[in-house]
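Chains, contacts and geometry: an overview
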Amino acid sequence: MPHTVTWLDRLRVERLVWSLDQRLYDLPTRTRVAHRREVRANLLTAAAEVGAAEAVRRIGSARELAGQYLDAELGEGPRHSWIAAALFLFTTPLVLNFFLSEAANAYQQAITAAQAHAEGTFTWSGVSWLQSSLTFDFHQGQATHIGGAWTPLVYVLLVAGAVACGRLWRALPSRRNQRPAGSTTDGLAL
């Protein structure tokens, strides 16, 4: 017995489609939109046949459906995460700058604690491997410092840490099961 699809039925369908779409953001945009349109069309067809509530109940949860789509497209197991990589790239410099500036401030306070009115130029080598040397200039009780930039190793570690945290090597296209056209399994051309 056919059912009339009302606006409330369409809202139920759109809620499930939207929830599915939010869980498929690891897929390329075209693929995600194609899955979204396919699910919407199938749900509207099923809603016309058995009703929207029954159609949504039969399809299951958006989480399980998204998991199946992601497993089919990207394979099972842990996947790459652009969000984790971006979080590492944005928070690590903040934390590193905080600790390096605190170390520089501690050195400056150590100089002023040893001499009440320090005068002259003092050089600190910085945190080994992470920071270039700092030069402190004391003149009439005022201190200024220059230097303390990150070393190239920090940039390498920042990129390596982002790749490791985001498991970005999993974003590369899979090379297994791909053979050039016209070749056999033993490597001989046909």
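For every chain, the first residue of the written sequence is number 1, and numbering continues from 1 along that sequence. Selection of residues for local features in this predicted model requires a pLDDT of at least 70, selection of side-chain atom pairs for listing and counting requires 80 or more, and totals for whole chains, interfaces and linings are taken over all residues. Heavy atoms throughout the structure, all of them, feed into the side-chain values; hydrogens and water do not.

Thoughts on the overall build of the protein chain
- Summing up its helical and strand segments, the protein chain has six helices and three strands in all.
- Mapped in sequence order, the helices and strands of the protein chain form the string α-α-α-α-α-β-β-β-α.
- Referenced to the eigenvectors of the C-alpha coordinate spread, the extents of the protein chain come out at roughly 95 × 60 × 20 Å.
- Exposure categories follow from relative accessible area, calculated using a 1.4 Å probe and restricted to protein chains: below 20% of the type maximum is buried, above 50% is exposed, and the middle band is partly exposed. Taking all 190 residues of the protein chain together, the buried fraction comes to 25%.
- Between two residues, a contact is recorded if the distance between any of their heavy atoms is within 4.5 Å. Pairs at least 24 residues apart make up 52% of the contacts formed inside the protein chain by residues separated by at least 6 positions.
- All accessible-area figures derive from a Shrake-Rupley calculation using a 1.4 Å probe, and residue coverage is judged against the displayed protein chains alone. Accessible area of the protein chain: about 13300 Å², with a carbon and sulfur share of 60%.
- Computed over 18 positive and 15 negative side-chain charges, the inter-centroid distance for the protein chain is 8 Å. In DSSP terms, a helix is any run of H or I states spanning at least four residues, a strand is any run of E spanning at least two, and both are numbered starting from the N terminus. Two residue types count as positive, namely Lys and Arg, and two as negative, namely Asp and Glu; His and chain ends fall outside the count. Charge placement uses NZ in Lys and CZ in Arg. For Asp and Glu, CG and CD serve respectively.

Observations regarding helix H2 (residues 29–50)
- With 22 residues, H2 ought to run about 32 Å at 1.5 Å a step, and its terminal C-alpha atoms sit 31 Å apart, in line with that.
- In this structure, the buried residues of H2 make contact with helix H1 (7–23), helix H3 (52–59) and helix H4 (62–74). Helix span is expected to be 1.5 Å times the residue number reduced by one.

Topic: the pairing of strand E3 (residues 142–147)
- Burial runs low along E3: only zero of the six residues are buried.
- Any two strands with at least two DSSP bridges between them are considered paired. Inspection of the sheet shows strand E2 (residues 134–139) paired to E3 by six bridges, in the antiparallel sense. Among the inter-strand pairings, His 139 is bridged to a residue of E3, identified as Gln 142.

Section: the pattern of salt bridges
- Salt bridge, as applied in this entry: a Lys or Arg side-chain nitrogen positioned within 4 Å of an Asp or Glu carboxyl oxygen. Within the structure shown, the criterion is met by six salt bridges.
- Of the charged contacts, one joins Glu 14 and Arg 40 as a salt bridge, the two residues approaching to 2.5 Å between their closest N and O atoms. Note that Glu 14 is positioned in helix H1 and Arg 40 in helix H2, a separation of 26 residues in sequence.
- Judged by relative accessible area, which is 22%, Arg 40 ranks as partly exposed.
- Connected via shared salt-bridge partners are Asp 21, Arg 32 and Arg 36.

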